[in-house]
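# Descriptive analysis of the structure
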Amino acid sequence: QVQLVESGGGLVQAGDSLRLACATSGRSFSSFAMGWFRQAPGKERDFVAAISRMSISTDYTDSVKGRFIISRDNDKNMVYLQMNNLKPEDSAVYYCAARSGGGVFLHRDLYSYWGQGTQVTDSS
């Protein structure tokens with residue numbers, strides 16, 4: 001079992017930047033593809049960004065392209081989501097997720113391990 005703990009959420013205004021972090025433990029971090037998802041009240045948990053094991057590949061949902069950047073540091077067992085130019089529609093609970101194997105994965109059902117989430121609220 002892999003344990004994931006998100007941090008970095010908070011209350012922001014439109015146009016602000018925020019960096020989320022996900023700390024992992026339990027297995028070799030470099031053997032897992034990682035993703036970020038978000039869930040707003042009354043909505044499904046939707047894909048945001050994904051990154052492959054060695055950072056060779058990344059992918060983003062259209063609404064965050066050019067604003068968000070996913071990255072990872074395998075030496076520190078960390079994955080990050082840099083969020084720039086935040087908008088009210090970005091408000092959600094953000095979750096990191098892990099899946100063993102190569103490639104990038106865009107669907108929530110493909111991930112085996114999840115953190116408990118961190119709240120990002122745009123109060124504008």
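Residues numbered from 1 in each chain as written. Predicted model: local features only at pLDDT ≥ 70, side-chain atom pairs only at ≥ 80, totals over all residues. Heavy atoms only, no water.

### Quick notes on the state of the cysteines
A covalent bond between the sulfur atoms of two cysteines is referred to as a disulfide. Scanning all chains against the criterion turns up one disulfide. Note that C22 is cross-linked by a disulfide to C96, the S-S spacing being 2.0 Å. Where C22 bonds to C96 through sulfur, the torsion about that S-S bond is close to 55°, and the disulfide is right-handed. One end of the pair, C22, is in strand β3 (residues 18–25); the other, C96, is in strand β9 (residues 92–100), and 74 residues separate them in sequence. (Disulfide = S-S within 2.5 Å. Helix = DSSP H or I, 4+ residues; strand = E, 2+ residues; numbered from the N terminus.)

### What about unusual backbone geometry?
Within the chain, S55 stands out as a residue other than glycine whose phi angle is a positive 65°. Of note, S55 is situated in the loop between β5 (46–51) and β6 (58–60).

### A word on the side chain of R72
The residue R72 is located in strand β7 (residues 68–73) in this model. Within the buried set, R72 has no salt-bridge partner at all; the shortest N-O distance to an opposite charge, 8.3 Å, is to D73. Within polar-contact distance, the side chain of R72 engages the backbone oxygen of F29 at 2.9 Å. A distance of 2.9 Å separates a polar side-chain atom of R72 from the backbone oxygen of S52. Once you skip the residues sitting within four places of it in the chain, R72 turns out to touch F29, S30, F32, A33, M34, I51, S52, R53, S55, M78 and V79. (Buried < 20%, exposed > 50% of the residue type's maximum accessible area, 1.4 Å probe, protein only. Lys, Arg positive; Asp, Glu negative; His and termini not counted. Salt bridge = Lys/Arg side-chain N within 4 Å of Asp/Glu carboxyl O. Polar contact = N/O pair within 3.5 Å; in protein donor to acceptor, adjacent residues only side chain to side chain. Contact = heavy atoms within 4.5 Å.)

### Details of the sheet that holds strand β8 (residues 78–83)
Adjacent strands of a sheet form backbone hydrogen bonds with each other and so pair up, either parallel or antiparallel. Spatially, the four strands line up as an open sheet ordered β1-β3-β8-β7, and their pairing is antiparallel. Each edge of the open sheet carries a strand with a single partner, namely β1 (3–7) and β7. Across the sheet, the axes of successive neighbouring strands diverge by a mean angle of 15°, strand direction being ignored. Bridge count for β1 against β3 is five bridges, and the pairing is antiparallel. For E6, the partnering residue across the bridge sits in β3 and is C22. (Pairing = 2+ DSSP bridges. Axes fitted to C-alpha atoms, helices over the stretch in contact; angles between N-to-C directions.)

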